[in-house]
Amino acid sequence: MKVSVVGTGYVGLVTGACLADMGNHVLCLDVDSAKVAALDAGQLPIYEPGLESVVKRNRAAGRLSFSTDAAASVAHGVLQLVAVGTPPDEDGAADLRHVLAAAGAIGRHMNEYRVVVDKSTVPVGTADKVKEEIHKELEKRGMKIPFSVVSNPEFLKEGAAVEDFMRPDRIIVGSDDERATALLRELYAPFQRNHDRLMLMGVRSAELAKYAANAMLATRISFMNELANLAEVLGADIEEVRRGIGTDPRIGTHFLYPGAGFGGSCFPKDVKALQRMAVDAGRPLRVMAAVEQANEAQKHILGEKIKARFGKNLKGRRLAVWGLAFKPNTDDMREAASLTLIADLLAAGAEISAYDPVAGNQARKIFDGEKNIQVKNTSKEALEGCDALVIVTEWAEFRAPDFPALKKVLKFPAIFDGRNLYDPAMVRALGFEYFPVGRKA
């Protein structure tokens, strides 16, 4: 099939590359000419495991191309997959400008039947607005051309997006048009050969399902973080509690790990947008307000532990921070817990020596001009001259460090572990002060 993908961010680039890998001819459109030029030169704007090889392979095969030409994109594919950003407005609502701009461009350039597929995370009712925008542009041209608008939300995890796309656990399609539904079944057939994973539902249900999924996962994280803080005060061990409840099949083991708070491009934004949607509908979601409040508080937990140990005035203290991305296997630092921690520490007078396996360049851009933070190239370099170590992101390379060497280089053998990577008894037996989350400090 010929497929057009509007947007070359995490969702658009992964979607376009993976569809091309199944033999489709995909044209990815972006308004950013510099990004398109970089992609044409083989340079990816994001870090995502496995993505570079998929893009390279399909560009070489002639199945994947990039362009800034909207008319060419609309002419290319019957399926027009819209995967542009929906950043939050000041009131938390999803900003649909990019989605509606994409719809307008399709309406201006289409000359035959097209299926507009909303892959962006959008509020309930967005498909109707997309239809209105396309109708408006067609009326300006004095043309009546049939088209369909469907919802096909993505459920990709950053750091595992390629694997998620290639082996989906479900494919949700919100459609009330048989022709459009048939085309999407054809598109996704190669990804579900052993059993049918495509779930057909109403457009509005599909739009809400995406928000519901992210909100549920965010709720589990905030609940476990709140429970961890309580366990710490009561003298319980949250890791033991987690195992105790995770074996209940009604609960399961996923997203039960306490830490320093969730971040990224999805959960914080979608929690806000869902709340705004609910308020506008006259049905505020009190649970989601608590989830957001708890998460914002959790991002300060590590800073509070550090100041409890070294004092509120950290002037003269130098702290090593391992992990800057909001999660492992990505360079995405949007809403990352590390940003809140570093801001707290700098405000208290501390100096920061930071390291992340892949987010170093992003961090250097973010902290450019900040004299009290240095971003190092290795975890070992980040430790030099530091009083203590703070772990924010659970990268695999942090799971089994050389503890004797670590103890030797730190002025105070103290570890503030925001991801509970180590066994407390073992670390303390090695002579460290150990400050995890939800466990006895």
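Residues numbered from 1 in each chain as written. Predicted model: local features only at pLDDT ≥ 70, side-chain atom pairs only at ≥ 80, totals over all residues. Heavy atoms only, no water.

S.K.: Quick one: what's the story with the overall build of the protein chain, residue by residue and with numbers?
M.R.: When helices and strands are tallied, the protein chain shows 18 helices and 14 strands. Against the 2.2 N^0.38 benchmark of 22 Å for 441 residues, the protein chain shows a C-alpha radius of gyration of 24 Å, consistent with a compact globule. Counting only C-alpha atoms and orienting by the principal axes, one finds that the protein chain spans roughly 75 × 45 × 45 Å. Counting all 441 residues of the protein chain, 53% fall into the buried class. Restricting to contacts in the protein chain with at least 6 residues of sequence separation, those with at least 24 account for 73%. Of the accessible surface of the protein chain, which amounts to about 19,900 Å², a share of 52% is contributed by carbon and sulfur atoms. (Helix = DSSP H or I, 4+ residues; strand = E, 2+ residues; numbered from the N terminus. Rg over C-alpha atoms; globule rule 2.2 N^0.38 Å. Buried < 20%, exposed > 50% of the residue type's maximum accessible area, 1.4 Å probe, protein only. Contact = heavy atoms within 4.5 Å. Areas by Shrake-Rupley, 256 points an atom, 1.4 Å probe, with all protein chains shown as cover.)

S.K.: Any details on a nonpolar patch on the surface? Residues and values, ideally.
M.R.: There is a patch of nonpolar side chains on the surface, built from Leu230, Val233 and Leu234 and spanning about 330 Å² of accessible area. Relative to the elements of secondary structure, valine 233 occurs in helix H9 (residues 203–234). (Patch = residues over 30% accessible without salt bridge, like charges linked within 9 Å, V, L, I, M, F, W, Y side chains within 5 Å. Salt bridge = Lys/Arg side-chain N within 4 Å of Asp/Glu carboxyl O.)

S.K.: Can you lay out the packing of H9 against helix H10 (residues 238–246) for me, pointing to particular residues and giving the numbers?
M.R.: Interaxial distance between H9 and H10 falls to 9 Å at its minimum, and their mutual angle equals 130°. For the element pair H9 / H10, the angle class is oblique. Two packed elements cross with a definite hand, and for H9 against H10 that hand is right-handed. Contact residues: Met224, Leu227, Ala228 and Ala231 in H9; Ile238, Val241, Arg242 and Ile245 in H10. (Axes fitted to C-alpha atoms, helices over the stretch in contact; angles between N-to-C directions. Parallel < 35°, antiparallel > 145°, perpendicular 65-115°, else oblique. Left-handed = near helix turned anticlockwise from the far one by under 90°.)

S.K.: Pulling in residues and values, what's your account of the pairing of strand S5 (residues 114–118)?
M.R.: Judged by how many residues are buried, S5 sits mostly within the fold: five of five residues are covered. Inspection of the sheet shows strand S4 (residues 79–82) paired to S5 by four bridges, in the parallel sense. Residue pairing for S5: leucine 79 is matched across the bridge by valine 115. Two strands pair when backbone bridges link them, and S5 and strand S6 (residues 147–151) are joined in this way by five bridges, in the parallel orientation. Directly across from valine 115, in S6, lies its bridge partner serine 148. Note that the unit made of S5, helix H6 (residues 126–141) and S6 has a crossover that is right-handed. (Pairing = 2+ DSSP bridges. Right-handed = clockwise from strand over helix to strand, strands pointing away.)

S.K.: Talk me through the pairing of strand S9 (residues 318–322); I want residue IDs and the actual numbers.
M.R.: Look at any regular strand and the pattern is simple: side chains alternate between the two faces of the sheet. Burial of S9 is extensive: five of the five residues sit out of reach of the surface. Covered by surrounding structure in S9 are Arg318, Ala320 and Trp322 together with Leu319 and Val321, the residues of both alternating faces. Here S9 runs beside strand S10 (residues 351–355); their pairing, made up of five bridges, is parallel. Across the sheet, leucine 319 pairs through a bridge with isoleucine 352, a residue of S10. In this region the chain leaves S9, passes through helix H14 (residues 337–347) and returns to the parallel neighbour S10; the handedness of that crossover is right-handed. Across four bridges, the pairing between S9 and strand S12 (residues 388–391) is parallel.

What is shown is where atoms sit, not what they do.
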